[in-house]
Structures are given as structure tokens and as C-alpha cells.
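Now for the letters of each chain:
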Amino acid sequence: MKFNRLLSIFMLLTVAVSAQVASFTSLPAGCLSYGMSPSGTFITGVDANGCFVYKTTDSTLTSIGGIEAYGITDAGIVGGSIAGTTPFGPATVAAIYNPSSGWTQLPTVPGGGYVTGTGDYSYIFGISDNGESVCGMYWVNGGKTTAYVYNTNAGYTALQDIGQSARANCISGDGQVAGGWWQDASRVPIRWSPYPSATPIGQFGEANGTNSTGSYVAASDAVAFGNEPIIWDAASGAAIFIPIPAGAVDGEAMAVSDNRVVVGIYSNGGFGGGAGFINIPGIGTVDLVSYLTTLGATGVTNCGFPQAISRNGRYISGITSGFPRKAWFADLGQVPTGLTNPELEIHTLAAYPNPVASAQTTLAFELRKSAETNVSVYDVNGKLVRTFSLGQLSTGK
């Protein structure tokens, strides 16, 4: 059996005892998913009928009307937009959907306006875990947008910007931190906390998602030849750059879990292309299709645009790349890094000699307990090359 130098780049050893197999589900045709609830129970987005709510536990699809839906709670409360009324006449307005009462548009924006001739007034792009706070943008002065947080008790808070347009794309689960962008010479990724104060977390890009407390913010920032995914870490007050597969020219972190599992997009520069990645602390960045296949998921063909991840990092939703685009939902089968599943061990292995100069290499690892063991080999682009079953191995080295 012959190995080449790619073997020395990335190897993944998975030791699992009674671990659930991963799965991949395509949502009904026409659905585009934009948000997922904290536990992964619900997905929301748009289809031909307006907005929908999809229940992942029984594949139930419910049409809820409206224009756009970007966030949903575990109680099924949705943040989005509807055709509403404003002081300027009919327009697209921010609204909250409650399963018991339907859509309710947000109150009139203080000092708000809309873009003449478009009917755009306000939007919601994120919702807190309890549904009491939302974030988004509204128009003022006929063209400028203002990022805001709206709380059902405190009302609107206009978020700091530099006098040009801004948008809040996401809000933490506790409603205390928002992320998005403001416009300078280009878009700048921003974290707002405490409201309305702003902190730029990069030079060029935008923030897309936060964990439950806002201690992590998933974003993108400029590098020499494109954008690179970053996670802004509140503990250190600095950005953590997330590597993308070799050969990719652009990347963006879209969502981050409480255990700092990151999902995002990387691209080789083609129109409408792109692929999804997952970055797991202690393992690194892997192409998402390859990773799901390694975990036993079947029918995985395209994870082009991951949009959301559950708080525990186990569930992911997104949209395929290419056209026509389709919504999908993935279950990794366990929480990554084994934080809540002590029966699962995942290791990155060292190979020697390294680089491989002959037809053989040697791998060393140690098992805490006897287990069914597999070794997966990836190339430099994160694509799965081959998986080897080592069978049942005993405890030890």
C-alpha cells in the first residue's frame, strides 16, 4: 500500500464506542434556510410561500407567511420581515412571529425613514434565545442604514457607527452582544457591547454569528489575497484566524458554538461556487462534506454555505452552493471534541517518517479503553482520501 506526502498533512483518528452515526437531510424543494434554533430543533428561512419553520425532529414543514426569516428560538419565535405599514406608507418592516399569535411588526422607528422608491423600512437579522431581543437595521435620511437592537421591554437602541451605514447581523443568546458591520472605505466587522458601544474586530469584512454569551463572534477579515475566517475572542480581546484548505482564496466564518466549533465558507474563486468547512479545537479545519462522510453520514453531496450551528456544536444548517440552491440539515451524531460524550476520542496523529519517503509510514497513538478504531486520511484541501478500519483494539499504546 503506497502513501504520498499528503499523508503527512492531516490525519484523523476516531475512536468511538456506541457513538450515533451522523446524518444529512435535504429540506423540501424550494426551501432556503437562514436560521436555526439554539438546540437545533427548528430551522427557518424562505420558500415560494414566504417564510417557513421546519422541525428537525419529525421533518414537519409549516408555512408562516411573511417576507424573510433569519432567526428562530426553541419556542418557535421567528425574527424577520413582513409587508407592513409605516408613516411613509406600505413598506417591508421588521416583525416577530409567535406561533400563538402570528406576525407582529415592530413599533415605528424613532427618526426612521425608507429608501425612496424601494419601500424598504426595517429588517431583523438575529434574535436572542428567549425571543425578547432582536437586531437588524433600519433606514434613515432616505438612504443611510442604522444598526439597532430592539428589546420588547426597553425598545430601540441605535448602535454606534461612524456616520455611514451599518447593520447588525447577529445577537448573542443572552441578548447582550450584537455583531455586524459598519461602512467606512469598505465594510468593517463590528462587535457592539455594551450597547451602543462598538468595537471593530477586523479591517474588512463583517461579523455573522455569536455564541450564547457573545464571548465568540464569527466573522471575516481581509488578508493579502482575499478574506479569511476569524473568531473574535472576548477573553483575549483579539481575533483568532481560522485556516482554510490549501488552494482556497477566500473564506468566512458564519457561526460559532459555545464550545468554539466554527462553520463557514471557503472558495477557490469560482462564481456561485464555494464549500463549507468545520473547524474543531484540537482537530483543525476540515471540509464539511468529508467530515460528515467520515462520521458515517450518507448522501452528503454539497454543504456549500453553512448558515447556523447549535449551541453545543452538534447540529448545522445551511444552503448548497451552485444553482438551484437547497436547504440542508446535518447532525454530527455527537458533540464535537467529546465534551459531553466521554466515549468519543478524536486525535490528530503524527506520522513518521514525515514526509513519507517510501511506501510505508508509522502512526503512534494510545487508547484509554478498548474500542472499534478507524483512521481517516485527508488531502491538503480537506478532502477525504481513504478511511481504514483497524478493528477492535485493546487499551494502551
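Throughout what follows, the structure given in this document is the object of discussion. Nothing here was measured: the structure is a model prediction, and the numbers come from that model. (Residues numbered from 1 in each chain as written. Predicted model: local features only at pLDDT ≥ 70, side-chain atom pairs only at ≥ 80, totals over all residues. Heavy atoms only, no water.)

**Quick look at the overall build of the chain**
Next, step 1: Secondary structure assignment for the chain yields one helix and 34 strands.
Next, step 2: Residue pairs at least 24 apart in sequence account for 46% of intrachain contacts in the chain once pairs closer than 6 positions are excluded.
Next, step 3: Only carbon and sulfur atoms are counted for the fraction: they give 52% of the accessible area of the chain, which is about 16400 Å². (Helix = DSSP H or I, 4+ residues; strand = E, 2+ residues; numbered from the N terminus. Contact = heavy atoms within 4.5 Å. Areas by Shrake-Rupley, 256 points an atom, 1.4 Å probe, with all protein chains shown as cover.)

**What about the layout of surface pockets?**
Next, step 1: In this structure, the largest pocket occupies an estimated 1200 Å³ of space.
Next, step 2: Listed by contribution, the elements that provide at least two residues to the lining of the largest pocket are strand S3 (32-36), strand S7 (68-72), strand S11 (122-127), strand S15 (166-171), strand S19 (207-210), strand S23 (250-256), strand S24 (262-267) and strand S27 (305-309).
Next, step 3: Classifying every residue of the lining of the largest pocket gives 21 nonpolar, 16 polar and eight charged. (1 Å grid on protein atoms, 1.4 Å probe; cavity = no way out; pocket = protein on both sides within 12 Å on 5 of 7 lines; lining within 4 Å. Points joined across faces, edges and corners; volume = space filled by probe spheres on them. Nonpolar A, V, L, I, M, F, W, Y, C, P; charged D, E, K, R; others polar.)

**A look at the packing of aromatic side chains**
Next, step 1: Inspection of the entire model under this criterion finds 12 aromatic pairs.
Next, step 2: With 5.6 Å between their ring centres and 65 degrees between their planes, Tyr-148 and Tyr-156 make a pair best called edge-to-face.
Next, step 3: Overall, the relative accessible area of 0% leaves Tyr-148 in the buried class.
Next, step 4: An aromatic cluster of at least three residues, connected via ring pairs, comprises Tyr-34, Tyr-70, Tyr-123, Phe-125 and Trp-139.
Next, step 5: One Lys or Arg, Arg-167, reaches over the ring of Phe-125 and ends 4.7 Å from the middle of that ring.
Next, step 6: Between the NZ or CZ atom of Arg-187 and the centre of the ring of Trp-181, over which it lies, the distance is 3.9 Å. (Phe/Tyr/Trp six-rings, centres within 6.5 Å; stacked < 30°, edge-to-face > 60°. Buried < 20%, exposed > 50% of the residue type's maximum accessible area, 1.4 Å probe, protein only. Lys NZ or Arg CZ within 6 Å of the ring centre and 35° of its normal.)

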